[in-house]
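Architecture and fold: a report
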Protein chains: 2
Amino acid sequence: MAGRRHGIATACLSGLLEDKLAAAAAAGFDGVEIFVPDLLGSPEPPEDIARRCADLGLVIDLYQPIRDVEALPPDAFAASLRRVEHAFDVMERLGTSTALICSSVDPRAIDDDDLAAEQLAEVAARAADRGLRIAYEALAWGRHVNTWDHSWRIVSLADHPALGLCVDSFHLYARGGDPSGLRSVPADKLFFCQLADAPRLDMDVLPWSRHHRLFPGQGDFDLTALVGHLDAAGYDGPWSLEVFNDVFRQADPGPAAVDARRSLLGLEESLAGSAGPVVDGTAFVELAVDPGTSAEVTDALAAFGFARTGEHRSKAVSLWEAGGARVVVRDALPDAGSVPAAVAALAVRTPDPEALARRGVELLAPRVPLPHAGDEAELRAVAAPDGTLLFCCPERPDPGRDDFWPGDFRPTGARPGTGVEGVDHVALSPPFDLVAEAELFLRTVVGLAPVGEPTDIVAPFGLVRGRLFASSGADPVRVVLSSSLVRRGGWAPGVPAPQSVAFAVPDVLAASRAALDAGLDLLDVGPNYYADLAARGVADADVLAEHRVLVDVDPTGAQYRHVVTPVLGGRVFLEAVQRVDDYAGFGAADAPVRMAAHRRARR
Amino acid sequence: MAGRRHGIATACLSGLLEDKLAAAAAAGFDGVEIFVPDLLGSPEPPEDIARRCADLGLVIDLYQPIRDVEALPPDAFAASLRRVEHAFDVMERLGTSTALICSSVDPRAIDDDDLAAEQLAEVAARAADRGLRIAYEALAWGRHVNTWDHSWRIVSLADHPALGLCVDSFHLYARGGDPSGLRSVPADKLFFCQLADAPRLDMDVLPWSRHHRLFPGQGDFDLTALVGHLDAAGYDGPWSLEVFNDVFRQADPGPAAVDARRSLLGLEESLAGSAGPVVDGTAFVELAVDPGTSAEVTDALAAFGFARTGEHRSKAVSLWEAGGARVVVRDALPDAGSVPAAVAALAVRTPDPEALARRGVELLAPRVPLPHAGDEAELRAVAAPDGTLLFCCPERPDPGRDDFWPGDFRPTGARPGTGVEGVDHVALSPPFDLVAEAELFLRTVVGLAPVGEPTDIVAPFGLVRGRLFASSGADPVRVVLSSSLVRRGGWAPGVPAPQSVAFAVPDVLAASRAALDAGLDLLDVGPNYYADLAARGVADADVLAEHRVLVDVDPTGAQYRHVVTPVLGGRVFLEAVQRVDDYAGFGAADAPVRMAAHRRARR
């Protein structure tokens, strides 16, 4: 990954200019674009800002934007030139050489490519006199110039060595542009590349751009193709992020900058055609539980058929097993106070645990050293953005290996329970500000891919957007991320929002029967739900009601049949789920009813 | 306003079904639409829900929605009928007679009006057998039927007395429908009217509908026209709100329901052609200030030329005057603890204070009784959603009237200051959940109208949306509402966000000079801003810099020239502003720089 320079526009991050620069540097960026309003909001002279950047190891790659410069009547153009010359003054003081001019939105602008080219050539000549240069960008909502190829025609017409293109992936893809044409642009005309991803939204490009941009890999644009074409054309400038997003604009810039740079590292991998990590299934799930409420969790595990098969040799940690599913329950750290139960770690199986962990570190996930006694396993772990750990475990535990983690548990003599096949999925609810980061972590570090589009769940206390991510292969690792669409306030509960662990069972009725017989108070959503189920043609609704089974039927008729525990230890619930006919989702249609019942039970 | 029935769909409000019903009843609604998912999420049998509604004085006006019923192949229609019969069972238990069927989005639906009509007639016949009826609604994204007139053609074709129309203002206006055609629909075919407003957004209708609906008067649709046509056609059913909005979905349903019903009361006024209240200018602004920091506020007032002209006879309140501007400063209530300074009240002048206050009460604003000694003025006041008071004052204080408020102040002997003409505006920052309510309060109770569109301010810690509201007339009351676009979290500061009071001055340079000479540390945003101002062609930037004057230039060249104090008493800042050439905005372009400087000063 060496050689490529990574940049970020200060407009991507929240805070004062000094906050933004510090965050960009801490995340390892090489350069920044100075967004003019950030400069205007700073009392520091440009020389001091330059020094601050230099001290942080940041190159100022771009000064942006200079607006409404070209294709203007003479008097208006004269005013443009005054603004441009002032920008050049500031740039000299900042020590940066490239300015971005975006295509004019001025109502006085004339639809005349020759005039635009002539005026831009004039600006470029003045820039060249000072050793500066101009990168011209087509805004998707430019008055007359709004596609990258149109901006390229004008740059070609102007034919000045100090005038080149700024290619912005958002503007290009938002207008349905074809990036392959970039291959035929001479490298010495490709001055700058701004990268942003975005979800495909059927809305006006201006608000789409100003509110919904994402970092590469978080949206629907094919940025790998775009940077591939730029590479082929010989572009050797930085990949620089310019992402306007309502959430990132007010999120802590520290983690946001890490997320941003991870997106570029992921893009490099993708461009290099890396196959990504191989994960083969869930080794175990670790729950951290307050000792005061841990019985709620372990009683539920037992009722689902789990047996406590091991006690950790040196820690307050127990191992619970049923079929292929393993759950590790540990006491919450003593200095944490009384805290709700939480999914503390997801352990995945992989052919080369050290390689997976090392790759995570390269993608900026902090490696978490795990204290262990001399003869205990050396588990590899990195931390997700929300602090959850990713354990990297071997595919088959092997007593000869240093990462043979089951050996850390003293057998209780109990045999693993039956009736459970494995872990179906883990559902996490990252904090509002970290959803995009959590997604990117799953996609890049863990190697999961989204299954279907995000689903909006009409939860009783506000919309929740959920999405399933899964690895490929016969025994997929599945993680559901869900988060409220609007940050919760005083009325709506849900901080921290519930998490869950779902176990795959071959027969949900049997699992329910056994759990109920064991005294587990499975969530009962009440008769209105089952009457509706029957009316929708689901067979044996009375049997389902008796077993408290919820059923989500997808459009193909495939079913997600599941039972759910109450919220345990203050935050976590368990599910037993039977997927019928290759049902591929995560039961989102049932979520509102389930949430209402959970909420009612907590009142 | 008597006679008209007001309804609300449970889907509009946040919480469990019982929360929603309680809030609707408390706000004075006559009826509700039971949204099926709310029923499914309730463990109560329909009879109990019916009893709950009856106990609350709520009629169940509608059961909704039944989806994907019509224009289907025979086997699919048979399944529809099973769902419909189940819905009828539930309706009988709920004691409601009208069900909503919305036009099919089923991919199997056939584009055949005759088939749709035939199947709907069959459904209507089954409804009629039970004494029920069907209101058919065209979803804006219906597969084949997506305009109201198309739904009317099908209802006409079906020609069954138990089948009529549900008119939904969102679906009608979102598809550019013309409501005047409703006049020719027979009254006995107008079964139901669902009302929602919305901002005009250039986006796909489905997410527009699901996330951005508003209550009437909060958006851009002409709901007065629509209900006028329905009235003309003889519709006599309820006006029932169906508003899907990301914020309302998780806001406290109590105030949200009040806001909702206020919107219908406002619509009734509008339909009746009421001219609305007359307000003639700002009588005074009241600031509540913690005694520990009140000198910060009063020193700034003095530096802007205000003189303390009176002390309240019985309260810890002082009156400050300069030119036509009056500010009342009162100690924060002793039981409030140490609190930031805040705009406690806006006092407006009106020809008939009691009428204005009474009208506010009719619009659900609580009247606030103001304790006063026997010979003190009896001021009329109602509370805004955020708790700010609206005082209703006479146009000219008259010692003979019971509301002669200046008589409550013992003169200090000081004469009012000079150099200030009056209050230019007050800027409030309502809590995130209450922005739409605050807007509706200003529009309906105070009678202000929005000036221009909302403006997105790229604030250092996240987007802020600001909008100016003003009364008409020579001496307008102006209020700016601004609020973060996304609810603030841990990183971004701003709860409570700053408020401000701006005073109109004839010469901002003179005002600045006087304030600086008086020792007021006017906010200085630094040289980068002034260099940019000069480059943009604003004359005498060096003089402006010296006087710390910020200048916003609108597209016509009109200027908003203002100086700003630091944040005082923890929350409020003061401005002196000179509007040049009828500048009509509120200086939004300068806000990011101003906010950065304020923020920096507080670190």
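Being a predicted model, the structure only gives us computed values, none of them experimental.

What counts and how
Residues numbered from 1 in each chain as written. Chains lettered and ligands numbered in written order. Predicted model: local features only at pLDDT ≥ 70, side-chain atom pairs only at ≥ 80, totals over all residues. Heavy atoms only, no water. Helix = DSSP H or I, 4+ residues; strand = E, 2+ residues; numbered from the N terminus. Expected span 1.5 Å × (residues − 1). Buried < 20%, exposed > 50% of the residue type's maximum accessible area, 1.4 Å probe, protein only. Least-squares fit on C-alpha atoms with pLDDT ≥ 70 in both. Contact = heavy atoms within 4.5 Å. Patch = residues over 30% accessible without salt bridge, like charges linked within 9 Å, V, L, I, M, F, W, Y side chains within 5 Å. Areas by Shrake-Rupley, 256 points an atom, 1.4 Å probe, with all protein chains shown as cover. Salt bridge = Lys/Arg side-chain N within 4 Å of Asp/Glu carboxyl O. Lys, Arg positive; Asp, Glu negative; His and termini not counted. Charge placed at Lys NZ, Arg CZ, Asp CG, Glu CD. Buried area = accessible area lost by both parts, 1.4 Å probe. Polar contact = N/O pair within 3.5 Å; in protein donor to acceptor, adjacent residues only side chain to side chain. Nonpolar A, V, L, I, M, F, W, Y, C, P; charged D, E, K, R; others polar. Phe/Tyr/Trp six-rings, centres within 6.5 Å; stacked < 30°, edge-to-face > 60°. Pairing = 2+ DSSP bridges. Axes fitted to C-alpha atoms, helices over the stretch in contact; angles between N-to-C directions. Domains from an automatic or database assignment. Disulfide = S-S within 2.5 Å. Right-handed = clockwise from strand over helix to strand, strands pointing away. Parallel < 35°, antiparallel > 145°, perpendicular 65-115°, else oblique. Left-handed = near helix turned anticlockwise from the far one by under 90°. UniProt positions renumbered as here; feature names shortened; annotations may be inferred.

1. Brief notes about helix α4 (residues 74-94) of chain A
Residues and elements named next belong to chain A.
- The end-to-end C-alpha separation of α4 is 30 Å, in line with the 30 Å expected for 21 residues at 1.5 Å each.
- Along α4, the positions that sit buried rather than exposed are Ala 76, Phe 77, Ser 80, Leu 81, Val 84, His 86, Ala 87, Phe 88, Val 90, Met 91 and Leu 94.
- Looking one or two residues beyond α4, the residue adopting positive phi is Gly 95, at roughly 75°.

2. Some details on the relation of the copies chain B and chain A
- Rotating chain B by 180° and moving it 0.0 Å along the rotation axis overlays it on chain A with an RMSD of 0.0 Å. Overall, the copies show the geometry of a two-fold rotation axis. The C-alpha atom lying nearest the rotation axis in chain B is that of Met 203 of chain B; the distance is 1.9 Å.
- Counting the interface residues of chain B, we find that 100% of their copies in chain A are interface residues as well, pointing to one common contact surface.

3. Things to note about a negative patch on the surface
- A cluster of acidic residues, Asp 111, Asp 112, Asp 114 and Glu 118 of chain A, forms a negative patch at the surface.
- For Asp 112 of chain A, a relative accessible area of 31% corresponds to the partly exposed category.

4. Focus on the interface of chain B and chain A
- Across the contact, 59 residues belong to chain B and 59 residues belong to chain A.
- Summing the contributions of chain B and of chain A, the shared interface buries around 4,900 Å²; its carbon and sulfur component is 58%.
- Our count for the chain B to chain A interface comes out at two salt bridges.
- Counting the contacts that link chain B with chain A gives 29 residue pairs in polar contact (both at pLDDT 80 or more).
- Looking at the side of chain B that touches chain A residue by residue, the class counts come to 27 nonpolar, 12 polar and 20 charged.

5. Considering the packing of aromatic side chains
- Applying the stated criterion across every chain, the model contains 24 aromatic pairs over all chains.
- Where Phe 215 of chain A meets Phe 248 of chain A, the ring centres are 4.8 Å apart and the plane angle is 5°; that geometry is what we call stacked. On the criterion of sequence distance, the pair formed by Phe 215 of chain A in the loop between α8 (205-211) and α9 (223-233) and Phe 248 of chain A in the loop between β8 (239-241) and α10 (253-271) is long-range, its members being 33 residues apart. A single burial state applies to Phe 215 of chain A and to Phe 248 of chain A, both of which are buried.
- Here Trp 208 of chain B and Phe 221 of chain B contribute two aromatic rings whose centre-to-centre distance is 6.0 Å and whose plane-to-plane angle is 65°, an arrangement assigned as edge-to-face. Taken together, the residues span a long stretch of sequence, with Trp 208 of chain B in helix α8 (residues 205-212) and Phe 221 of chain B in the loop between α8 and α9 (223-233) at a distance of 13 residues. Just as Trp 208 of chain B is buried, Phe 221 of chain B falls in that class too.
- One aromatic cluster is present, built from ring pairs that chain together Phe 170, Tyr 173, Trp 208 and Phe 221 of chain A.

6. With respect to the sheet that holds strand β23 (residues 559-564) of chain B
All names here are of chain B.
- Spatial strand order, β18-β19-β20-β17-β21-β24-β23-β22: eight strands in an open sheet with mixed pairing. Each of the sheet's edge strands pairs with one partner strand only, and the pair in question is β18 (449-459) and β22 (550-553). Ignoring which end each strand starts from, the neighbouring axes of this sheet average 25° apart.
- One ladder, built from three bridges, connects strand β17 (residues 422-428) with strand β20 (residues 478-484); its direction is parallel. Counterpart to Leu 428 in the pairing with β20 is Leu 481.

7. A look at the domain arrangement of chain A
Residues and elements named next belong to chain A.
- Each assigned domain of chain A is listed with its residue range as follows: domain 1 (7-271) and domain 2 (281-602).
- Every contact between the two is made by 19 residues of domain 1 and, on the other side, 17 residues of domain 2.
- When domain 1 packs against domain 2, close to 1,400 Å² is buried across both sides, 56% of that on carbon and sulfur atoms.
- Inspection of the domain 1/domain 2 interface yields one salt bridge.
- Close ionic contact of Glu 269 with Arg 359 constitutes a salt bridge, the shortest N to O distance being 2.4 Å.
- Inspection of the region where domain 1 meets domain 2 yields five residue pairs in polar contact (both at pLDDT 80 or more).
- Along the lines of polarity and charge, the residues of the side of domain 1 that touches domain 2 split into nine nonpolar, six polar and four charged.

8. Focus: the state of the cysteines
All names here are of chain B.
- In this structure the tally under the stated criterion is zero disulfides over all chains.
- Free cysteine Cys 193: the closest other cysteine sulfur is in Cys 166, separated by 7.6 Å.
- Cys 393 provides the cysteine sulfur closest to Cys 392, a residue in no disulfide bond, and the two sulfurs are 7.4 Å apart.
- Overall, the relative accessible area of 0% leaves Cys 392 in the buried class.

9. Digging into the pattern of salt bridges
All names here are of chain A.
- Considering all chains together, one arrives at 70 salt bridges over all chains under this definition.
- A salt bridge links Arg 465 to Asp 456; the shortest N-O distance between them is 2.6 Å.
- Given the relative accessible area of 37%, Arg 465 is considered partly exposed.
- For Glu 546, the salt bridge identified is with Arg 513, shortest N-O distance 3.8 Å. Highlighted residues: Glu 546 in helix α16 (residues 541-546) and Arg 513 in helix α14 (residues 508-517), separated in sequence by 33 residues.

10. Concerning the sheet that holds strand β15 (residues 389-394) of chain A
Residue and element names in this part refer to chain A.
- Across the sheet, which stays open at both edges, the eight strands sit in the order β14-β15-β13-β9-β12-β11-β10-β16 with mixed pairing between neighbours. Of all strands in the sheet, those with a lone pairing partner are β14 (380-383) and β16 (409-411), marking the two edges. The average angle at which neighbouring strand axes cross in this sheet is 30°, direction not considered.
- Two elements, strand β11 (residues 317-322) and strand β12 (residues 325-331), share six bridges in a ladder whose sense is antiparallel.

11. Notes on the pairing of strand β6 (residues 163-168) of chain A
All names here are of chain A.
- The element β6 is extensively covered by neighbouring structure, given that six of its six residues are classed as buried.
- Crossover connection from strand β5 (residues 133-137) via helix α6 (residues 148-158) to parallel β6: handedness right-handed.
- Examined bridge by bridge, β6 and strand β7 (residues 190-195) share four bridges and lie parallel to one another. Bridging from a neighbouring strand, Cys 166 pairs with Phe 192 of β7.

12. Observations concerning α9 of chain B
Residues and elements named next belong to chain B.
- Every buried residue of α9 is listed here: Leu 223, Leu 226, Val 227, Gly 228, His 229, Leu 230 and Ala 233.
- Taken together, the buried residues of α9 touch β6 (163-168), α7 (169-174), β7 (190-195), β8 (239-241) and α10 (253-271).
- Backbone geometry just after α9 places Gly 234 at a positive phi near 95°.

13. Some remarks on the pairing of strand β18 (residues 449-459) of chain A
- With eight bridges connecting them, β18 of chain A and strand β19 (residues 462-470) of chain A associate as antiparallel partners. Pairing of Val 451 of chain A across the sheet is with Leu 468 of chain A, part of β19 of chain A.

14. Things to note about the packing of helix α1 (residues 17-26) of chain B against helix α3 (residues 46-56) of chain B
Residues and elements named next belong to chain B.
- Here α1 crosses α3 at 20°, and the two axes come no closer than 10 Å. By the angle between their directions, the pair α1 and α3 is classed as roughly parallel. Considering only the axes of α1 and α3, their crossing is right-handed. Judged by residue contacts, Leu 17, Glu 18, Leu 21, Ala 22 and Ala 25 of α1 engage Ile 49, Arg 52, Cys 53 and Leu 56 from α3.

15. Remarks on the UniProt feature "domain: Xylose isomerase-like TIM barrel" (unreviewed entry) in chain A
- Within this numbering scheme, the UniProt entry marks residues 21-260 of chain A as carrying the feature "domain: Xylose isomerase-like TIM barrel" (unreviewed entry).
- Summarising residues 21-260 of chain A: 43% helix, 16% strand, and an end-to-end C-alpha distance of 13 Å.

16. Some details on the environment of Ala 26 of chain B
Residue and element names in this part refer to chain B.
- Considering the arrangement of structural elements, one finds Ala 26 in helix α1.
- The class for Ala 26 is exposed, based on a relative accessible area of 68%.
- In this structure the C-alpha to C-alpha distance between Ala 26 and Gly 57, which are 31 residues apart in sequence, comes to 9.7 Å.

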